[in-house]
Amino acid sequence: LLGVFLRETKEEIAMEICGKREFALLEKIGFTRIAGSPEELQAAEILKSECDAMGVPAIIEPFEIEQGIVEEAKLEILEPFQMEVPVTGYQCAENTPEGGLTAEFVYVENGTDVDLRDAKGKIVLVNGFLRVPLFRRLMKAGVAGIVTMEGELRDNREETDLSTRKLRRTLRAFGNVPMVHTRVLDAIELVRKGASKARMVLKGRTEERTSHNVVATVLGTEKPEEIVSFGAHYDSVDFSKGVYDNGAGSVINMEILRYFKENPPKRTLKFMWYGSEEIGLEGSWAYVKAHKEELANHLLMINVDVGGPVLGVDKITATAEQKLADYLDYFVKIHGFGAETKQGIYSSDSIPFADCGVPGVNFSRDGAQGAAYIHNRFDTLSFLSAEALEKTTRIVLAFGREMANAAVLPVERKIPQNIVEEVEKYLYKKELSEAAM
């Protein structure tokens, strides 16, 4: 009997969802939509219209974000050779003095204490992007300017883009200096030729912009005071169409909303599409701050971030008690879903909820190595499919149905200590607390 029930349940879900419909919506929002831009608002309005058309009126909630505007960015090598290096400037980084910053130039690799022992007052080149520990060491060493790098030696300049980075508030708590960003292609030449003196120019300003969350609600029929939410961010990074990251999650959640509109759940379901995730989870932070009273009734957050690749693997991360992770391992086997499960955190919009004590489950379909692109111009529909979208949707919906209609929600509204520590480490709470002293 159980086998018959599960087979009928899977057939019912398969009949209710449509990957081709998801893919069509993905095409509609498949344009660059960076935080706080008119294009991001355009995508929000498309999502709202989709909700309204199916009979679930959505609201658009605005919130303010900090946007850095870079007006000029330049890096020149002065000794022992002369070269102007293609760079982009860091948003919100400190401006250089009039006439620029001229200083000794040194490659400090990953910024060990040994590498930084004589870095005071110098412009330094570091490997990759910045994280709090490295930036904190650079500030402590008293560097005058920073150059970061991205890309690969095999990149073709005409076929790749140099991103504009932002010095986030988290980093600025430890200090601020002028910063620019270059390619690995150019960085290797600077080091190989022994660049020893440089001039950096950075001019910019900061302004407030408005980003938006889209929120739709399906009221519960039996337990309307208990809330389970489905979330996904809909913004992209510069240059990217952002269909893999994360238009896919957005359309998956839309399809699940469509199902629950026709099959009312016992609990109230919130469907949220977050703006400005790519610049620091700004949309989900804005939501939890604006809805503090509601969070007391918010029992579980289900998040979808990246999906749709033809070649890939479905993954489920339980930011909750270990028992939920164990259950999810049983769940995928019982239902016949091919997915990897674990307990932990996922760098997405479930983090602010976890920080507020709301457990979460993150679903993703990660592209196989070499078969998906993220945060660049190659994040397009070319490696995605309707069938892959539908596969992940079936997994999310089956779990969502169980949670929305459980006689008693089995997930304890509590974040276990090991996950609390992971969240605090992710948010650099210890370091920020020390910086504030």
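Up top is the structure.
What you see is a predicted model; the values in this text were computed from it and never measured.

Rules used throughout
- Going along each chain's sequence as written, the residues are numbered from 1 onward.
- A pLDDT threshold of at least 70 governs which residues receive local features in this predicted model, and a stricter bar of 80 or more applies before side-chain atom pairs are shown or counted, although totals over entire chains, interfaces and linings include all residues.
- Only hydrogens and water are set aside when side-chain values are computed; all heavy atoms of the structure are taken into account.
- For helices the rule is a DSSP run of H or I covering at least 4 residues; for strands it is a run of E covering at least 2, with both sets numbered from the N terminus onward.
- Radius of gyration: over C-alpha atoms. The globule rule applied is 2.2 Å multiplied by the number of residues raised to the 0.38 power.
- Whether a residue is buried, partly exposed or exposed follows from its accessible area with a 1.4 Å probe, protein chains only, as a fraction of its type maximum: under 20%, in between, or over 50%, in that order.
- Contact criterion: two residues are considered in contact whenever any of their non-hydrogen atoms come within 4.5 Å of each other.
- Using a 1.4 Å probe, accessible areas were evaluated by the Shrake-Rupley method; residue-level cover was limited to the displayed protein chains.
- In this charge count, Lys and Arg are treated as positive and Asp and Glu as negative; neither His nor the chain ends contribute.
- Where a charge sits is defined by one atom per residue type, namely NZ (Lys), CZ (Arg), CG (Asp) or CD (Glu).
- When a carboxyl oxygen of Asp or Glu is within 4 Å of a side-chain nitrogen of Lys or Arg, the pair counts as a salt bridge.
- Every angle, taken between N-to-C directions, lies between 0 and 180 degrees, and every axis is a line fitted to C-alpha atoms, over only the stretch in contact when it is a helix.
- When describing relative orientation, an angle under 35 degrees is termed roughly parallel and one over 145 degrees roughly antiparallel, while 65 to 115 degrees is termed roughly perpendicular and anything else oblique.
- Crossing chirality is assigned from the near helix's rotation relative to the far helix, an anticlockwise turn below a right angle marking it left-handed and a clockwise turn marking it right-handed.
- Classification convention: Asp, Glu, Lys, Arg as charged; Ala, Val, Leu, Ile, Met, Phe, Trp, Tyr, Cys, Pro as nonpolar; all other residues, Gly among them, as polar.

A.B. asks: Which residues make up the overall build of the protein, and what are the values?
C.D. replies: A tally of regular secondary structure across the protein gives 14 helices and 14 strands. Over its C-alpha trace the protein gives a radius of gyration of 23 Å, about what one expects of a compact globule, namely 22 Å for 437 residues. By residue count, 54% of the 437 residues in the protein fall in the buried class. In the protein, once contacts between residues fewer than 6 apart in sequence are set aside, the share between residues at least 24 apart is 81%. Of the roughly 19200 Å² of accessible surface on the protein, a fraction of 51% belongs to carbon and sulfur atoms. Charged side chains of the protein number 53 positive and 68 negative; the gap between the two group centres comes to 2 Å.

A.B. asks: Talk me through the pattern of salt bridges; I want residue IDs and the actual numbers.
C.D. replies: Tallying each qualifying case throughout the model produces 29 salt bridges. Note that Glu 50 and Arg 258 form a salt bridge whose closest N and O atoms lie 3.3 Å from each other. With Glu 50 in helix 3 (residues 38-53) and Arg 258 in helix 7 (residues 243-262), this pair connects stretches of sequence that are 208 residues apart. Residue classification places Glu 50 among the buried positions, given a relative accessible area of 17%. Across the salt bridge formed by Arg 205 and Glu 71, the nearest N and O atoms sit 3.0 Å from each other. Of the two residues, Arg 205 is situated in strand 8 (residues 197-218) and Glu 71 in strand 1 (residues 58-79); the sequence distance between them amounts to 134 residues. Among the residues examined, Arg 205 registers a relative accessible area of 42% and is labelled partly exposed. One salt-bridge network, in which partners are shared between bridges, spans Arg 21, Lys 28, Glu 50, Glu 255 and Arg 258.

A.B. asks: Outline the packing of helix 3 against helix 7, supporting the account with residue identities and numerical values.
C.D. replies: In the contact formed by helix 3 and helix 7, the axes pass within 10 Å of each other and the chain directions differ by 15 degrees. By the criterion of interaxial angle, the relationship of helix 3 to helix 7 is roughly parallel. Remark: the crossing between helix 3 and helix 7 carries right-handed chirality. From helix 3, Leu 47, Glu 50 and Cys 51 reach across to helix 7, where they touch Met 254, Leu 257 and Arg 258. The residue makeup of the contact of helix 3 with helix 7, split by class, is four nonpolar, no polar and two charged.

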